[in-house]
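Residues per chain, in single letters:
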Amino acid sequence: MVNLKGKPVELRVPSRMGYEKVAMGTAASVAKLMGFPDARIEDLKTAIAEACINAIEHGNRLNDNLCVGVTLSAHDDSLEVTVLDDGAGISKVPPKPDIDRKMHGEEDARGMGMFLIQSLVDEAEWVKAGNGKGSYVRLVIRLDKESD
Amino acid sequence: MQTETKANIDQIADGNGGRVTVLRFSGDISSGSHDALLGTYTTVSKSQPVLLDFSKVEYINSSGIALVIQMLMEANKNGQKIAAFGLTPHFQKVFTMVGITKYASLYQDEAAAKASI
């Protein structure tokens, strides 16, 4: 196990679909160094991928001139992740997806990203940046929690 | 950066004199997978069951899961049975979380999926 405390890892990825995998790979490497079990690393990878996809698609509206900022901060017993974009943020978290409504065409088949994020990490909050420019999602995944 | 989704169609015997279609996917299942998933599904017979083989899929995100749901919607309309196999334990968990298992059972391998159909 490597002590990464106080040494955040930062990266900026282009607002282009597929680049979320760069953030996924980096986060997986950091989590492995911290000693996270493989199942929790898989949870983290999906949560970060979905956060980056939201930032790329909805926050930065696929604008190639904008980047998504990802910061990975190791703490004693957790990894904190922020994913920052230039969008206005969300006014409220959408309801839990309903598979029956989706299957009957009463609900968009998409729209599961935030639900997956909330389900796979220990803390998730969506924050509008104080200066009115940009927003971020903050995720926390704990080292001592076993995957379901 | 996205890995292209590839889809191959196999026909296998169901062991009871019938046939089963197997859609074998590889690469990523994401927003760019529309043609590989839904396009491929439109070409298969609607009169026999379908197995979805994810054993060579490297990455699945929520946009890709939405395409799987759209495929299940079409199958549901056709009264066609679908089962899936080859998902990692993580993606079995994710598929279960979003409720897909209500409309398509998940199996560890092809033999178990085929036996269920």
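Values in this document were obtained by computation on a predicted structure and should not be read as measured data.

Caption draft 1: Representation of the overall build of chain B. Secondary structure assignment for chain B yields 4 helices and 5 strands. Listed by position from the N terminus, the elements making up chain B come as β-β-α-β-α-β-α-β-α. At 13 Å, chain B has a C-alpha radius of gyration in line with the 13 Å of a compact globule built from 117 residues. Along the first, second and third principal axes, the C-alpha set of chain B runs to 45 × 25 × 25 Å. Residues counted as buried form 39% of the 117 residues belonging to chain B.

Caption draft 2: The arrangement of the sheet that holds strand β1 (residues 9–14) of chain A in detail. Residue and element names in this part refer to chain A. Across the sheet, which stays open at both edges, the 5 strands sit in the order β1-β2-β3-β5-β4 with antiparallel pairing between neighbours. Looking at strand neighbours, the two that pair on one side only are β1 and β4 (123–128), the edges of this open sheet. On average, adjacent strands in this sheet sit at an angle of 15 degrees to one another, irrespective of strand direction. As judged from the 6 bridges shared by strand β2 (residues 67–74) and strand β3 (residues 78–85), these two strands associate in the antiparallel manner. Paired with serine 73 across the bridge in β3 is glutamate 80. Packed on one face of the sheet, helix α1 (residues 20–34) meets β1, β2 and β3 and runs near 165 degrees to β1.

Caption draft 3: Examining the interface of chain A and chain B more closely. Across the boundary between the two partners, chain A contributes 23 residues, which contact 23 residues of chain B. Among the secondary structure elements, those contributing two or more residues to the side of chain A that touches chain B are α2 (38–59), α3 (99–103) and α4 (113–120) of chain A. In terms of residue count, the dominant contributor to the side of chain A that touches chain B is α2 of chain A (6 residues). Partitioning the side of chain A that touches chain B into residue classes produces 11 nonpolar, 5 polar and 7 charged.

Caption draft 4: Just the packing of helix α1 (residues 34–43) of chain B against helix α2 (residues 62–77) of chain B, in detail. Residues and elements named next belong to chain B. Axis separation between α1 and α2 bottoms out at 10 Å; the angle between their running directions is 5 degrees. As the angle between them shows, α1 and α2 are arranged roughly parallel. Between α1 and α2, the contacting residues are His34, Leu37, Leu38 and Tyr41 on the first element and Leu67, Val68, Gln70, Met71 and Glu74 on the second. When the residues that make up the contact of α1 with α2 are grouped by side-chain class, the tally is 6 nonpolar, 2 polar and 1 charged.

Caption draft 5: Spotlight on the environment of threonine 3 of chain B. Among the secondary structure elements, threonine 3 of chain B is positioned in the segment before β1 (6–13). Beyond its immediate stretch of four places on either side in the chain, threonine 3 of chain B contacts Gly27, Asp28 and Glu58 of chain B.

Caption draft 6: Representation of the sheet that holds strand β4 (residues 82–85) of chain B. Residue and element names in this part refer to chain B. Pairing is mixed in the open sheet, where 5 strands are placed in the order β1-β2-β3-β4-β5. Where the open sheet ends on each side, the last strands, each with one partner, are β1 and β5 (105–107). The mean inter-strand angle of the sheet, taken between neighbouring strand axes irrespective of direction, is 25 degrees. Alignment of strand β2 (residues 19–29) against strand β3 (residues 50–60), held across 8 bridges, turns out to be parallel. From the neighbouring strand, threonine 21 faces β3, where its bridge partner is valine 50.

Caption draft 7: Representation of the confidence of the model for chain A within the structure. For chain A, per-residue confidence averages 93 on the pLDDT scale, and residues scoring 70 or more make up 97% of the total. Across chain A, the element-wise mean pLDDT spans from 95 in α3 of chain A up to 98 in β2 of chain A.

Caption draft 8: Structural context of the nonpolar core. Of all hydrophobic cores here, the largest spans 74 residues; its most connected members are Ala27, Ala47, Ile48, Ala51, Cys52, Val68 and Val83 of chain A. Beyond its immediate chain neighbours, meaning those up to four positions away, alanine 47 of chain A contacts Leu116, Ile117, Leu120, Val121 and Leu139 of chain A.

Caption draft 9: Representation of the pairing of β4 of chain A. Residues and elements named next belong to chain A. Bridge count between β4 and strand β5 (residues 135–142): 6 bridges; the pairing is antiparallel. Looking at the pairing, glutamate 123 lines up with valine 140 of β5. With antiparallel pairing between neighbouring strands as the criterion, β4 and β5 make up a hairpin whose turn holds 6 residues, including glycine 132 at a positive phi of roughly 80 degrees.

Caption draft 10: How the structure looks around the pairing of β4 of chain B. All names here are of chain B. Every second residue of β4 is oriented toward a common face, with Ile82 and Ala84 on one face and Ala83 and Phe85 on the other, all of them buried. Here β3 pairs with β4 via 4 bridges, running parallel. Bridging across to β4, leucine 51 finds its partner in alanine 83. Crossover connection from β3 via α2 to parallel β4: handedness right-handed.

Procedures and definitions
- Per chain, residue numbering runs from 1 following the sequence as it is written.
- To read the labels, note that chains go from A and ligands from 1, taken in the order they are written.
- Confidence filtering applies because this is a predicted model: local features only for residues at pLDDT of at least 70, side-chain atom pairs given and counted only at 80 or more, and all residues used for totals across whole chains, interfaces and linings.
- A run of H or I in DSSP becomes a helix once it reaches four residues, and a run of E becomes a strand once it reaches two; helices and strands are each numbered from the N terminus.
- In this setup the radius of gyration rests on C-alpha atoms only. A globule is expected at 2.2 Å times the number of residues raised to 0.38.
- With C-beta atoms placed from the backbone, a residue is buried if 20 or more other C-beta atoms are within 10 Å of its own, exposed if 12 or fewer are, and partly exposed between those counts.
- What makes two strands pair is DSSP finding at least two bridges between them.
- Angles run from 0 to 180 degrees between N-to-C directions of axes, and those axes are lines fitted to C-alpha atoms, restricted for helices to the stretch in contact.
- We call two residues in contact if the C-beta atoms placed from their backbones are at most 7 Å apart.
- Only Asp, Glu, Lys and Arg are considered charged in this grouping, and only Ala, Val, Leu, Ile, Met, Phe, Trp, Tyr, Cys and Pro are considered nonpolar; every other residue, Gly among them, is considered polar.
- Between 65 and 115 degrees an angle is taken as roughly perpendicular, under 35 as roughly parallel, over 145 as roughly antiparallel, and anywhere else as oblique.
- Confidence scores labelled pLDDT are given residue by residue by the predictor and lie between 0 and 100.
- To form a nonpolar core, buried Ala, Val, Leu, Ile, Met, Phe, Trp, Tyr and Cys residues must be joined through C-beta atoms within 7 Å.
- If the strands point away from the viewer and the path from the first strand over the helix to the second runs clockwise, then the crossover is right-handed.

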